[in-house]
Amino acid sequence: MLKTHTLIIGGGLAGLSAGTALEGRKPYLIAERESRPGGLAATVKKGRFSFDYSGHLLHLRWPKTSKLILDALKGNCARIKRDARIYAHKSWTPYPFQANLSGMPPRVKSECVSGFLKAYKAGGGPGDGSEVFSRWTRRVFGGGISEHFMLPYNAKLWRYPLERLTTEWCAPFVPMPKPAEVIEGAYGKKSEGLGYNTVFHYPKSGGIGALATAFSAGLGGLRLGLEVESVNLKKGVAMVRHFGPVNFSRLINTSPLHSFIAMAEDAPAAVKRAAAALRHNTVYVLNLGVKGVKNDMHWGYFPGAEFPFYRAGLASNFSRRAAPRGHASFYIELATAGEPLDLASAEEEILRGLKACGLLKSAGQVVEKLWLKIPCAYVVYNRERARALPVIFDWLKSRSALSIGRYGAWKYSFMEESVKEGLEAASSVLR
Ligand SMILES: Cc1cc2nc3c(=O)[nH]c(=O)nc-3n(C[C@H](O)[C@H](O)[C@H](O)COP(=O)(O)OP(=O)(O)OC[C@H]3O[C@@H](n4cnc5c(N)ncnc54)[C@H](O)[C@@H]3O)c2cc1C
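About the criteria used
- Residues numbered from 1 in each chain as written.
- Predicted model: local features only at pLDDT ≥ 70, side-chain atom pairs only at ≥ 80, totals over all residues.
- Heavy atoms only, no water.
- Near = heavy atom within 4 Å.
- Polar contact = N/O pair within 3.5 Å; in protein donor to acceptor, adjacent residues only side chain to side chain.
- Areas by Shrake-Rupley, 256 points an atom, 1.4 Å probe, with all protein chains shown as cover.
- Domains from an automatic or database assignment.
- Contact = heavy atoms within 4.5 Å.
- Buried area = accessible area lost by both parts, 1.4 Å probe.
- Salt bridge = Lys/Arg side-chain N within 4 Å of Asp/Glu carboxyl O.
- Nonpolar A, V, L, I, M, F, W, Y, C, P; charged D, E, K, R; others polar.
- Pairing = 2+ DSSP bridges.
- Helix = DSSP H or I, 4+ residues; strand = E, 2+ residues; numbered from the N terminus.
- Axes fitted to C-alpha atoms, helices over the stretch in contact; angles between N-to-C directions.
- Buried < 20%, exposed > 50% of the residue type's maximum accessible area, 1.4 Å probe, protein only.
- 1 Å grid on protein atoms, 1.4 Å probe; cavity = no way out; pocket = protein on both sides within 12 Å on 5 of 7 lines; lining within 4 Å.
- Points joined across faces, edges and corners; volume = space filled by probe spheres on them.

A.B. asks: Looking at this model, I keep getting lost on the site of the ligand. Mind explaining?
C.D. replies: Around the ligand, the surrounding shell holds 33 residues, and the nearest of these are Glu32, Leu40, His56, Leu57 and Met415. Within the side chain of His56, a nitrogen or oxygen atom sits 2.6 Å from an oxygen atom of the ligand. In this structure, Val228 approaches the ligand through a main-chain N or O atom, which is 3.0 Å from a nitrogen atom. For the ligand, the protein covers 93% of the area, taking 1,000 Å² as the surface of the free molecule.

The following block contains the structure:
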């Protein structure tokens, strides 16, 4: 039986950064089931285009992880000022909607501003996260902003009843403007500084996959094509497909928490039940290589029901090398609650939508396409999640196992956070 000190399930950014910190200090094995590292932070080449699993931009906020990421990329990284927009009521307006209503028709503007001021006067503070989204957004932003953006956009993204979606995830991701910013944004002044992603970093070449490639270099314990099929935390043994048993002293899981618990042989029934209650959506990304597009936007949000997608972006506006000269690389994101998507009709509707908002003139401009599927994309925040996580993590703690990253920790997080959690997990193992 193969023996290692630390078994890491998954070679996404969380697993790779944990391996980076353990390298040369403790024997470790990263079992990654795919034939490439990076997890969701990966780039696929098709023809002369390179496509990510939708926009994967680095929003760096912590000194240690920023340095690690920028050092790994060794100058292959650009710092870019965000140009994000919203398309609603047949008009474009800058992101975030709540602070930039200037592009909206007068009726929409006045409904949004008056609704916001009323909500603000009634004391619409951010809340503690336990409130459900449908009530929270009306209380914080008022009826107009909720009806014209927050409710339709989030319904399309989450594909989960907004009367049951809780709001712990909102604080870092939903910008909260002040009354003066809402009024100024509606009647002239563009508000640029709001939100977590006003400036982002992105590799100059190689797509976001360049980061995983850089992290993987020098990781002696990384093994591709190894899928962990079951674990027994009490015995310290994992079964790996086509490989056999691996004996470990410590385990760091980065695979989706619900499937990890499902394969944990020694998990008690209550822990299995808690994990089975966790919900997530599925995202399909249609990537298009397109000729003759002139548009500087990075990405746009689409709350309208006439668009099947919730977001569409132009990767070639973050990195010219994503597309050949004279061409652009688009990514268009659609979410489902897990049901299969009819790709052919979705594609027709997408092309119709891109033409309706002016991003595309004709379907004849498309020269390349690639569908990518993210089966477990956004974890659903609901009361079941709030009840389940302590049950699961208490048991994992009793077995000295760590479960980290966006899906291992079952949270709405971002790449830098996965890197940070990988480093912290390695420190805990080394302690
Ligand atoms: C649509 C979308 C857009 C996003 N955009 C951004 C963005 O712009 N900026 C940002 O910072 N973040 C973004 N994110 C979040 C980002 O993708 C994640 O935070 C980060 O990549 C997660 O890394 P991870 O290592 O935690 O998980 P993952 O990338 O999911 O890695 C887990 C790895 O485990 C492997 N694995 C699973 N099961 C097994 C098994 N049984 N055996 C072996 N291996 C297994 C998988 O193959 C995978 O490689 C986005 C996410 C989505 C869904």
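A.B. asks: Quick question: what am I supposed to make of the domain arrangement of the protein chain here?
C.D. replies: Accessible area lost on assembly of the parts is the figure often given for the size of an interface. According to the domain assignment, the protein chain consists of domain 1 (2–41 + 207–279 + 382–430), domain 2 (99–185) and domain 3 (282–374). The C-alpha centroid of domain 2 is placed 36 Å from the C-alpha centroid of domain 1. Counting residues at the interface gives seven residues for domain 1 and nine residues for domain 2. Across the domain 1/domain 2 interface, buried area totals approximately 710 Å², and carbon plus sulfur atoms make up 59% of it. On the surface where domain 1 and domain 2 come into contact, there are one salt bridge. A salt bridge links Arg385 to Glu168, with the nearest nitrogen and oxygen atoms 3.8 Å apart. Our enumeration of links across domain 1 and domain 2 arrives at three residue pairs in polar contact (both at pLDDT 80 or more). By residue class, the composition of the side of domain 1 that touches domain 2 is three nonpolar, one polar and three charged.

A.B. asks: For this particular structure, what's the right way to read the sheet that holds strand S13 (residues 282–291)?
C.D. replies: Two orientations exist for strands paired in a sheet by backbone hydrogen bonds: parallel and antiparallel. Pairing is mixed across the open sheet formed by seven strands, whose spatial order is S7-S6-S14-S15-S16-S13-S17. Each having just a single partner strand, strand S7 (91–94) and strand S17 (366–374) make up the two edges of the open sheet. With direction set aside, neighbouring strand axes in the sheet form an average angle of 20°. Pairing of strand S14 (residues 299–301) with strand S15 (residues 311–314), which is carried by three bridges, proceeds in the antiparallel orientation. Bridging from a neighbouring strand, Tyr301 pairs with Arg311 of S15. The strands that helix H10 (residues 343–356) touches are strand S6 (84–88), S13, S15, strand S16 (327–336) and S17; relative to S17, the one it contacts most, it runs at about 120°.

A.B. asks: Looking at this model, I keep getting lost on unusual backbone geometry. Mind explaining?
C.D. replies: Among all residues except glycine, the phi angle is most often negative; among peptide bonds, the trans geometry is most common. Here the residue pair Tyr95 and Pro96 is connected by a cis peptide bond, since its omega of -5° sits within 30 degrees of zero. Here Pro96 is to be found in the loop between S7 and helix H3 (106–121). Positive phi is not limited to glycine here, since Ser54 has a value of about 70°. The backbone phi angle of Trp410 is positive, close to 55°, even though this residue is not glycine. Position of Trp410 among the secondary structure elements: in the loop between helix H12 (405–408) and helix H13 (415–430). The buried category is assigned to Trp410, whose relative accessible area is 0%.

A.B. asks: What is the right way to look at empty space enclosed by the protein in this model?
C.D. replies: The method is simple in principle: a probe with the dimensions of a water molecule rolls over the atoms, and the space it marks as empty is what remains. One pass over the full model with this rule turns up two cavities of 30 Å³ or more. Size it by volume and the largest cavity reaches roughly 250 Å³. Taken together, 20 residues line the largest cavity, and the ones lying closest to its centre are Tyr95, Tyr153, Phe173, Tyr301 and Tyr412. The element that contributes the greatest number of residues to the lining of the largest cavity is helix H4 (residues 133–158), accounting for six residues. Looking at side-chain class alone, the lining of the largest cavity contains 16 nonpolar, three polar and one charged residues. As a volume, the second largest cavity reaches approximately 50 Å³. If you go around the second largest cavity, the residues you meet are Ser50, Phe51, Asp52, Ser54, Gly55, Asn287, Ala315, Ser329, Phe330 and Tyr331.

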